[in-house]
Structures are given as C-alpha cells and as structure tokens.
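Spelled out from the first residue to the last, the chains are:
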Amino acid sequence: MSKSIIIKKNGGPEVLELQDDDVKSPGPDEIKVINHAIGLNYIDTYHRSGLYPLPLPSGIGLEAAGKVDEVGSNVTEFNKGDNIAYASMPLGAYSEQRIIPAKIAVKIPEWISHKLAATLMTKGLTTNYLLTKTYKLKANETILFHAAAGGVGQIFAQWAKSIGAKVIGTVGSNEKIEIAKANGYENVINYSKDDFAKEVMKLTNNNGVSAVFDGVGKNTFKGSIECLKPRGMMVSFGNASGPLDPVNVPKDIQSKSLFFTRPTIGHYFTNRNEIQKGADEIFEKIKFGMIKIKIFKEYKLSEAKQAHIDLESRKLTGPAILIPNGK
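What counts, and where the lines are drawn
- Residues numbered from 1 in each chain as written.
- Predicted model: local features only at pLDDT ≥ 70, side-chain atom pairs only at ≥ 80, totals over all residues.
- Heavy atoms only, no water.
- Helix = DSSP H or I, 4+ residues; strand = E, 2+ residues; numbered from the N terminus.
- Pairing = 2+ DSSP bridges.
- Axes fitted to C-alpha atoms, helices over the stretch in contact; angles between N-to-C directions.
- Parallel < 35°, antiparallel > 145°, perpendicular 65-115°, else oblique.
- Left-handed = near helix turned anticlockwise from the far one by under 90°.
- Contact = heavy atoms within 4.5 Å.
- Nonpolar A, V, L, I, M, F, W, Y, C, P; charged D, E, K, R; others polar.
- Phe/Tyr/Trp six-rings, centres within 6.5 Å; stacked < 30°, edge-to-face > 60°.
- Buried < 20%, exposed > 50% of the residue type's maximum accessible area, 1.4 Å probe, protein only.
- Lys NZ or Arg CZ within 6 Å of the ring centre and 35° of its normal.
- Polar contact = N/O pair within 3.5 Å; in protein donor to acceptor, adjacent residues only side chain to side chain.
- Salt bridge = Lys/Arg side-chain N within 4 Å of Asp/Glu carboxyl O.

Caption draft 1: Local environment of unusual backbone geometry. Cis geometry is found at the peptide bond from Leu56 to Pro57, where omega equals 0°. Of note, Pro57 is situated in the loop between helix 1 (42–49) and strand 4 (58–59). The peptide bond linking Met89 to Pro90 adopts the cis configuration, its omega dihedral lying at 5°. Checked against the element boundaries, Pro90 lands in the loop between strand 6 (83–87) and strand 7 (97–101). The phi torsion at Asn206 lies on the positive side, around 65°, for a residue other than glycine.

Next comes the structure, spelled out in structure tokens:
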C-alpha cells in the first residue's frame, strides 16, 4: 500500500495524518506518478490551517518530482519511466504515489535531480512570473524583496541579478543576513529590528524603489507602500504574517499613483505548454550557473508535522523537501 498525508480538519501541524492508499490506474488523461521528492511550501500551511479553504478530507501539497509509472489511454506526451515534476492543483503531493492530470506535469532534463526539481517548480515558477510577467524587471532598477533568506527569496535575487537589477532584501533575524547576501542581495535589512521603510529610503537617496515583492503580508504592507516610488508597483504574493487588511485606495494607492496586484501562479501558467516553457527557463538558469540551489533540509514523509512546525517557526533558511518513506 502507498502512503500519503491527508487532513480531515483544519488546524495546526497536528492535523496532518499519514494513511494507507490503494492507488488505482490513471484515467484517460492522467498519469500515475511515483514521487521521489516532495516540495515543502508555505502555501501548504495555508491549506492546512484553513486560510485557503478546502473541501475536507483533502490531500495536501502542490509540488513533487518523480517517475511516470503508468499513462492513461489519451496521454501521448509521456511514457512510463519519464522523469517529471509538477506544482499545481489538485492537492495531494504529500504521497508516495498518486494519480495526476497529465497537463500539470513537465519533463525534467537529465541534469536536474528529483530533489532539485522538487524545490524548483513552485519557487522557480513563482520567481519566473514575478520578474518576467507580473513586473518586467529591467537592468539597473532597484527593487525590494521581503523574506530574502527564504526559498523563493534565494532564487529571486539570483534571477534579478542575472538581469542586472539591484535587490534590497529584508529578513527577520540577523542570522539570515549573510544567507541573503550570499544569494545576491545588495543590501539586507532586519525588519524585526530596524524600520525597513526608512532604511530603504536612505539606501535609495529618498527616491524609493520601483517595485516591492511582498510574500510576508500583514506586517510589511504599510512599510512597503512607504518605500515605493511614485507610480511604483506593489506586488503582494503571500501572507506569511497573515492576510492583508482591506486596502485604503485613496491613502495607500492614490497618494503616489501606485499599482497594486495580488498575483497567483495559476493565472500565469494556464496550460502545460506555458508550464513547460516556464520550467525550462528555470532549468536553463540552473544549467549555466545563474541560479544555484542548496537544499537546506530533508524530512521523511512521516515527518511532515515536524516539517510544518519548522517552516512556520522560521527555522528553515532555504528550500526543504519531504522524501517518501523508503526512497
């Protein structure tokens, strides 16, 4: 029997339950996948807690990499034994094997391991759409990214630097400053100790930044607005400190003619061709050394509860993965 993690009710890490699954054959447009590595992402905690409501009971996890074990009758783009990765609905990546729609999978090249692929899909595709679609970053621009030492933050700075932009980062502790700098941030501010908006204005000679990328949410929104240039872009893409309060348009947006957006990955990669193209762009940057990834920690699938505890307590200073038991 295959093992998987399910949630029957919303709550803390304790609601993650390991269960046996009898995984059947795929439908006509599906593939059966044996997962070799599973991505751990902050959005998983939103699904678990109920911040992003789900019909329950539910599987959990969006991202994994592995091998195709069986293909449906209509599937022509994959064969048994292909190395693939995915990062999309439906939930259920926290599993040893599962059935997924073929349209959400991408082929991974030989120089990308399953472990690396499982850290790249969500975080890499997120960075891709943030920098090339939501806001088309140009060389010599100065921008701000919150949670600079996190999984997305580490890829983001390297990608931005490859474009020729300058990135100011914020972190929550002094221990994370060197991690952020090592990944390409020009300046790093500890927002738990210093007023990051004031520091950003000092660093930019009171000009402000052209864009802020904010995955922290509630605790950083006001300061992010303060340090934007007139006609700057506020990109709110996460809620690590809680969801945003209602935005006061006259005060927060109109005051500097700002742009505000709340993007999600599913609206930028809407079909398999777009997902494969976006993933290939990430793989190429890995191949040519423009982005380097170091996996911070590996957990067994049975240790998912502890992984969520560590994730929410900010103990992870880089990408982490779950390894299905026995792999």
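Caption draft 2: Spotlight on the sheet that holds strand 2 (residues 16–21). Spatially, 2-1-4 is the arrangement adopted by the 3 strands of the open sheet, whose pairing is antiparallel. Taken across any chain shown, the strands that pair with only one partner, and hence form the sheet edges, are strand 2 and strand 4. Pairing of strand 1 (residues 2–7) with strand 4, which is carried by 2 bridges, proceeds in the antiparallel orientation. Counted as the bridge partner of Ile7 is Ser58 from strand 4.

Caption draft 3: Quick peek at the packing of helix 1 against helix 9 (residues 304–312). Between helix 1 and helix 9, whose axes approach to 10 Å, the crossing angle comes to 110°. Of the possible angle classes, the one that applies to helix 1 and helix 9 is roughly perpendicular. Considering only the axes of helix 1 and helix 9, their crossing is left-handed. Residue-level inspection shows Tyr42, Asp44, Thr45 and Arg48 of helix 1 in contact with helix 9, the latter providing His308, Leu311 and Glu312. Split by residue class, the contact of helix 1 with helix 9 holds 2 nonpolar, 2 polar and 3 charged.

Caption draft 4: The packing of aromatic side chains, seen in detail. Enumeration over the complete set of coordinates arrives at 8 aromatic pairs. A centroid spacing of 5.7 Å and a plane angle of 65° characterise the contact between Tyr42 and Tyr46, whose relative ring orientation is edge-to-face. Separated by 4 residues within a single helix, Tyr42 and Tyr46 lie in helix 1, roughly one turn from each other. Overall, Tyr42 belongs to the partly exposed group, its relative accessible area being 22%. With a centroid separation of 4.8 Å and 10° between ring planes, the pair formed by Tyr129 and Tyr268 is classed as stacked. Highlighted residues: Tyr129 in helix 2 (residues 114–134) and Tyr268 in the loop between strand 14 (259–261) and helix 8 (272–287), separated in sequence by 139 residues. Residue Tyr129 is classed as buried on the basis of its relative accessible area, which comes to 3%. Taken together, the ring pairs in this structure connect Tyr135, Phe145, Phe156, Phe213 and Phe237 into an aromatic cluster. Sitting over the face of the ring of Trp111, Lys287 holds its NZ or CZ atom 4.4 Å from the ring centroid.

Caption draft 5: Structural context of the side chain of Glu141. Along the chain, Glu141 falls in the loop between helix 2 and strand 9 (142–145). Side-chain polar atoms of Glu141 contact the side chain of Tyr135, separated by 2.3 Å. In this structure the side chain of Glu141 is engaged in a polar contact, spanning 2.8 Å, whose partner is the backbone nitrogen of Lys138. Beyond its immediate stretch of four places on either side in the chain, Glu141 contacts Tyr135, Lys136, Ala165, Lys166 and Ser210.

Caption draft 6: Structural context of the pattern of salt bridges. Tallied over the full model, the rule gives 11 salt bridges. For Lys32, the salt bridge goes to Asp69, with nearest N and O atoms at 4.0 Å. A residue pair is termed long-range when its members are at least 10 positions apart, and Lys32 in strand 3 (residues 30–39) and Asp69 in strand 5 (residues 63–71) qualify at 37 residues. Where Glu298 meets Lys115, a salt bridge forms, and the shortest distance between an N and an O atom there is 3.2 Å.

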